[in-house]
Amino acid sequence: DTGVSQNPRHKITKRGQNVTFRCDPISEHNRLYWYRQTLGQGPEFLTYFQNEAQLEKSRLLSDRFSAERPKGSFSTLEIQRTEQGDSAMYLCASSLSQRGHQPQHFGDGTRLSIL
Amino acid sequence: QKEVEQNSGPLSVPEGAIASLNCTYSDRGSQSFFWYRQYSGKSPELIMSIYSNGDKEDGRFTAQLNKASQYVSLLIRDSQPSDSATYLCAVNPTGGQNFVFGPGTRLSVLP
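The structure presented is a predicted model; accordingly, all values stated were derived computationally and were not measured. (Residues numbered from 1 in each chain as written. Chains lettered and ligands numbered in written order. Predicted model: local features only at pLDDT ≥ 70, side-chain atom pairs only at ≥ 80, totals over all residues. Heavy atoms only, no water.)

*Asks:* How should the confidence of the model for chain A be read in this particular structure?
*Replies:* In regions of low pLDDT, the predicted coordinates are not meant to be interpreted in detail. When pLDDT is averaged across chain A, the result is 92; 96% of the residues are at 70 or more. Within chain A, the lowest mean pLDDT, 90, falls on strand S6 (residues 53-57) of chain A, and the highest, 98, falls on strand S3 (residues 19-24) of chain A. (pLDDT = per-residue confidence, 0-100. Helix = DSSP H or I, 4+ residues; strand = E, 2+ residues; numbered from the N terminus.)

Here is the structure:
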C-alpha cells in the first residue's frame, strides 16, 4: 500500500493560466474524490468517481473546472483561466466501494497559489 | 445545506489530560461518521470511524455517537504534545458518497 499520491505538491501560476493536477489512488480503491481546502476550513467536496464514471459534482465545481479518470486508475483535475480565489490546497482521496461507507484516505495535496 | 459544526478552538489541555472534541451535524439521515487529524501543512489522516450509537474505543481514542441528538464526539485520553493538531469531523450525508467536513477544532496539548 503506497498511499494516495498527488503531483505536483506545489503549483504557482499567474492569473488566467490553466493548471492540471494528477492523483494516483491506492491501487485497489475504485472510488476517487477531489476536495478543496482553504486556510482554517475543512475540505470541501468537489467531485467523485467510481471507476471511470464521474458520479457526483458539487456546485463549487464551476465550468472552469474539469476532472477525468479515463481508465479508472489515476485522475486529473484541470482548472482553466485561474482566478485569485482558486488559491487553495487541492486534496485527492480514495476508498473502496463496499457495503456501507468506507473511510477515505487522503493524499498530501497540491497547493495552488495564483499570483 | 447539509452542515457539520465544530468549535474552532483552540482547545488547550495539559499533557496527560483528557481532550474532548465535539461535532454536530444537520442531516438526520447521516449514517457514517469519521474523525481525521490534520497537522499543519499536511493532509487529513483517519483516526476513527463510527456508525452505531454508543462508544467505540481504539487505544487512547474514543468516539461517541448519538444520532438522536445528531452529535458525535472524540475523546483523547492521556493527551500528548504530539496530539496537537486540527481535528476534523466528517459526515457522510444521506444519498451521497462524499464527506461533509466541519471546519475543524485546533487542539494544543501543553507540556
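*Asks:* Explain the sheet that holds strand S6 (residues 54-58) of chain B here, please?
*Replies:* Paired through their backbone hydrogen bonds, the strands of a sheet run either parallel or antiparallel. Residues and elements named next belong to chain B. The sheet built from 5 strands is open, its strands ordered S1-S3-S8-S7-S6 with antiparallel pairing. Only two strands of the sheet have a single partner each, and these edge strands are strand S1 (4-5) and S6. Sheet topology places strand S3 (residues 19-25) next to strand S8 (residues 71-76); 6 bridges connect them, and they run antiparallel. Each residue of the ladder has a partner; that of Asn22, found in S8, is Ser73. (Pairing = 2+ DSSP bridges.)

*Asks:* Help me understand the pattern of salt bridges in this model?
*Replies:* A side chain of one charge can pair with a side chain of the opposite charge when the charged atoms of the two come close. Residues and elements named next belong to chain B. Tallied over the entire structure, the rule returns 7 salt bridges over all chains. In this structure, Glu57 and Arg77 form a salt bridge, with 3.4 Å as the shortest nitrogen-oxygen distance. You can see Glu57 sitting in strand S6 and its partner Arg77 sitting in the loop between S8 and strand S9 (85-92), a full 20 residues away along the chain. Asp83 serves as the salt-bridge partner of Arg60, at 2.9 Å between the closest nitrogen and oxygen. Of this pair, Arg60 sits in the loop between S6 and strand S7 (61-66) while Asp83 is found in the loop between S8 and S9, placing the two residues 23 residues apart along the sequence. The exposure class of Arg60 is partly exposed, given its relative accessible area of 26%. (Salt bridge = Lys/Arg side-chain N within 4 Å of Asp/Glu carboxyl O. Buried < 20%, exposed > 50% of the residue type's maximum accessible area, 1.4 Å probe, protein only.)

*Asks:* Just to check I follow, could you spell out the sheet that holds strand S8 (residues 75-79) of chain A for this structure?
*Replies:* Residue and element names in this part refer to chain A. With antiparallel pairing, 4 strands are arranged side by side in an open sheet as S1-S3-S8-S7. Two strands in the sheet have a free side with no partner beyond their single neighbour: strand S1 (5-7) and strand S7 (65-68). Strand-to-strand, the axes of this sheet are offset by a mean angle of 15°, without reference to chain direction. Pairing between S1 and S3: 3 bridges, direction antiparallel. Along S3, the bridge assignment pairs Asn7 with Arg22. (Axes fitted to C-alpha atoms, helices over the stretch in contact; angles between N-to-C directions.)

*Asks:* Just to check I follow, could you spell out the interface of chain A and chain B for this structure?
*Replies:* A common measure of how large an interface is: the accessible area buried when the components associate. Opposite the 21 residues of chain A that make contact, chain B presents 18 residues. In this assembly, chain A packs against chain B so that about 1700 Å² is buried in total across both faces, 50% of it on carbon and sulfur atoms. For the pair chain A and chain B, the interface holds 0 salt bridges. In this structure, the connection of chain A to chain B is made through 5 residue pairs in polar contact (both at pLDDT 80 or more). Counting residues per element, the ones that place at least two in the side of chain A that touches chain B are strand S4 (31-37), strand S5 (44-50) and strand S10 (105-106) of chain A. In terms of residue count, the dominant contributor to the side of chain A that touches chain B is S4(A) (4 residues). Of the residues assigned to the side of chain A that touches chain B, the class counts are 8 nonpolar, 9 polar and 4 charged. (Contact = heavy atoms within 4.5 Å. Buried area = accessible area lost by both parts, 1.4 Å probe. Polar contact = N/O pair within 3.5 Å; in protein donor to acceptor, adjacent residues only side chain to side chain. Nonpolar A, V, L, I, M, F, W, Y, C, P; charged D, E, K, R; others polar.)

*Asks:* Is there a simple way to think about the nonpolar core in this case?
*Replies:* If you look at soluble globular proteins, the nonpolar side chains tend to sit buried side by side. Among the nonpolar cores identified, the biggest contains 24 residues, and B:Trp35, B:Val72, B:Leu74, B:Ile76 and B:Tyr87 are the most heavily contacted of them. A:Ile26, A:Leu46, A:Phe65 and A:Tyr90 belong to the second-largest nonpolar core, a separate cluster that totals 19 residues. (Core = buried A, V, L, I, M, F, W, Y, C linked by side-chain atoms within 4.5 Å.)

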